[in-house]
Amino acid sequence: MHNSPTNSTDETPSLLRVHGLSKRYVRGALWRRVTVAAVNCVSFEIPRGQTLALVGESGSGKSTVARCVTRLERPDTGQILIDGTDISSIDSRALAPFRARIQMVFQDAGTAMNPRFTALEVIEEPLLIQSKSRTGNNRPLSHDAARDLMQEVGLTPDWMHRSIRHFSGGQRQRLALARALTLRPQLLVLDETLSGLDLSTQAQIANLLLDLQARHGLTYLLISHDLALVSRLADTIGVMSSGQLVEIGSTRQITSNPTHAATKKLLASVQTAASNLSTVMMMGTA
Amino acid sequence: MANFVQIRDLKVTYAPETGAPVRALEGVSLEIARGEIVGILGESGCGKSTLASALLRLLPPHATCEAGTISIDGRDLMQLSERDLRAIRGKEVSMIPQDPALSLNPVMTAGSQISEVLRAHLPLTAKQRRERVMELLREVGFDSPEEIYAAYPHQLSGGQRQRIAIAQAISCVPALLIADEPTSKLDASLQTEIVALLSRIRQQHGTAILVISHDPSLFAGFADRIAVMYAGRIVEVGSTAAIFRKSLHPYTQALVSIAASTLVSATDTKAPLPAIAGESPDPTCVPLGCRFEPRCAERMEACSIRYPAEFIPEPARLVSCFKYGE
């Protein structure tokens, strides 16, 4: 056993615990290397079935946290505990079973899929990769299972054999969610999944996320720059600024009683927009 | 008495090499007065960006303007030669792009890119141009314009790049500025700054601004009037206050309630948001009647048979829906 401070409470209900996570990038030309601390000693945990949102301006390091949690990046220091097992530095063979338990959905779903694939091929891709890495042979997804997954995310199963070129932005985002659900994961890391969508599509996908969480007890790590939208989806909100987690608290606490300047700044812009909107909606009735 | 900008019954069709032609604009009419900020509210594929391109006569080659007129300051844009159009673009009518990261030249400094616009349109000496660029950089909110002048786009943040694009667009003090989703790629705090900057530009120079967005909250406290577009048609027009306070079309009502729910009631309950079911119609086979009918909660028998006529319930107000009118 490692003698880490977080390992003593094994009966914790938290599915994900991140402790002291740091990640540095080296940038600049060969002869003028600059080390940038993208994430600096970030710690948080997410109880099973709950949603933690990491918010912050672009460049605050929130996406790097997401990429470390899904082990697309290997963190420099710190622990990432899934049900008590540290996955921060294990090799890819040991990581394989965890890859099925943690799935990531990106911002622009269209670019994260092979454009020549049909909906069915997109959905079954993770299963093929998983079964191949475990048993060495392909186990295709049954049509019934694909049908269920498509229905679950609100797509017509009749479109199973249709090329994804014919899918709209919102439909591709639904398909991305179906693909993420193929392996029946416990944790979904949603990196700006709702940005870049039209308002009504955004609302549809947000509702779908709430619905899927209620149905399957999924745990979400939500990465977003949109504090207003996130406050409708998250139990806990963490605010990131310059690579550090500067404030973390319940959604109510963060939106009603922020303490850090970065949180106040994010909230101020939401409130400006809100007061503009309520002013214009009240005009004439007051 | 003609308005400053007058778009009448504009019909634009895209004819791709493969596949069926798509009617992007189906008889759009819109007027913009001098110094007025008009918001176009609509979602992807509704034709709002086609409208913006048409206003600059910059439609791609496979698009044809089948009918309609566009006049700016009394001149019929459809009759102008390419040479005349070049003199207008960037000088009298200019555009702020959605993503300045894509529109700025990566190997030119910010200052020289602004200077380039001035050189194309105004008879200024190199020294005068440089002074004017510094003035513009200060106007769009840079405290140390010298540094920014010499910076390359990759050395600037997203918000700074958007300011450079705005400085470029206003360099010749245009009478009409078209802003296509000017803040959709920016953080929330930058959005309010850019909106404030555009409002200030209007106030100082009397510039008319056509702002395009899918998010009604962008227009609150900013636009004077809003035109709501759905699937190639304008379904409702009204003052910003009227659109927010008493929207008439079911589509507008739904959009406003979604915007209000994510902003005003920032509650801590994980409750579903109001949403519109379904998707925009396939542009190659739009419904015969009202285009919003398949998604509308208040659909009636007439809705699927013919398109509702425009109804003017009060001055400066317009709606196309069978709920209103005779």
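Because the structure is predicted, anything quoted here is derived from the model rather than measured.

Draft legend 1. Broad picture of the environment of A:Leu267. All names here are of chain A. For leucine 267, the location among the structural elements is in helix 9 (residues 261-282). Given 24 C-beta atoms within 10 Å, leucine 267 falls into the buried group. In this structure leucine 267 touches Leu227, Thr255 and Pro258, once residues within four positions along its chain are discounted.

Draft legend 2. Layout of the confidence of the model for chain B. All names here are of chain B. Taken residue by residue, chain B gives an average pLDDT of 90. The fraction at 70 or more is 97%. Taking the mean pLDDT of every element in chain B, the minimum, 84, falls on helix 3 (residues 100-103) and the maximum, 97, on strand 3 (residues 37-41). Interface confidence for the predicted complex, expressed as ipTM, amounts to 0.84; the pTM equals 0.87.

Draft legend 3. Just the sheet that holds strand 1 (residues 5-14) of chain B, in detail. Residues and elements named next belong to chain B. Pairing is antiparallel across the open sheet formed by four strands, whose spatial order is 2-1-4-5. Looking at the sheet topology across the chains shown, the edges are occupied by strand 2 (22-32) and strand 5 (75-76). As defined by bridge partners, strand 1 adjoins strand 2 across eight bridges and the pair is classed as antiparallel. Within strand 2, the residue paired with valine 12 across the bridge is leucine 25. Helix-sheet contacts for helix 1 (residues 48-55) involve strand 1, strand 2 and strand 4 (63-72), and the interaxial angle to strand 2 is about 65°.

Draft legend 4. Representation of unusual backbone geometry in the model. All names here are of chain B. Positive phi values are uncommon outside glycine, yet valine 173 reaches one of about 50°. As for its position among the elements, valine 173 is in the loop between helix 7 (158-170) and strand 7 (176-180). Backbone geometry at alanine 231 places phi at a positive 45°, although glycine is not the residue there. Of note, alanine 231 is situated in the loop between strand 9 (225-230) and strand 10 (233-239). Judged by the 23 C-beta atoms lying within 10 Å of it, alanine 231 is buried.

The rules behind each value
Residues numbered from 1 in each chain as written. Chains lettered and ligands numbered in written order. Predicted model: local features only at pLDDT ≥ 70, side-chain atom pairs only at ≥ 80, totals over all residues. Helix = DSSP H or I, 4+ residues; strand = E, 2+ residues; numbered from the N terminus. Buried ≥ 20, exposed ≤ 12 C-beta atoms within 10 Å, placed from the backbone. Contact = placed C-beta atoms within 7 Å. pLDDT = per-residue confidence, 0-100. Pairing = 2+ DSSP bridges. Axes fitted to C-alpha atoms, helices over the stretch in contact; angles between N-to-C directions.

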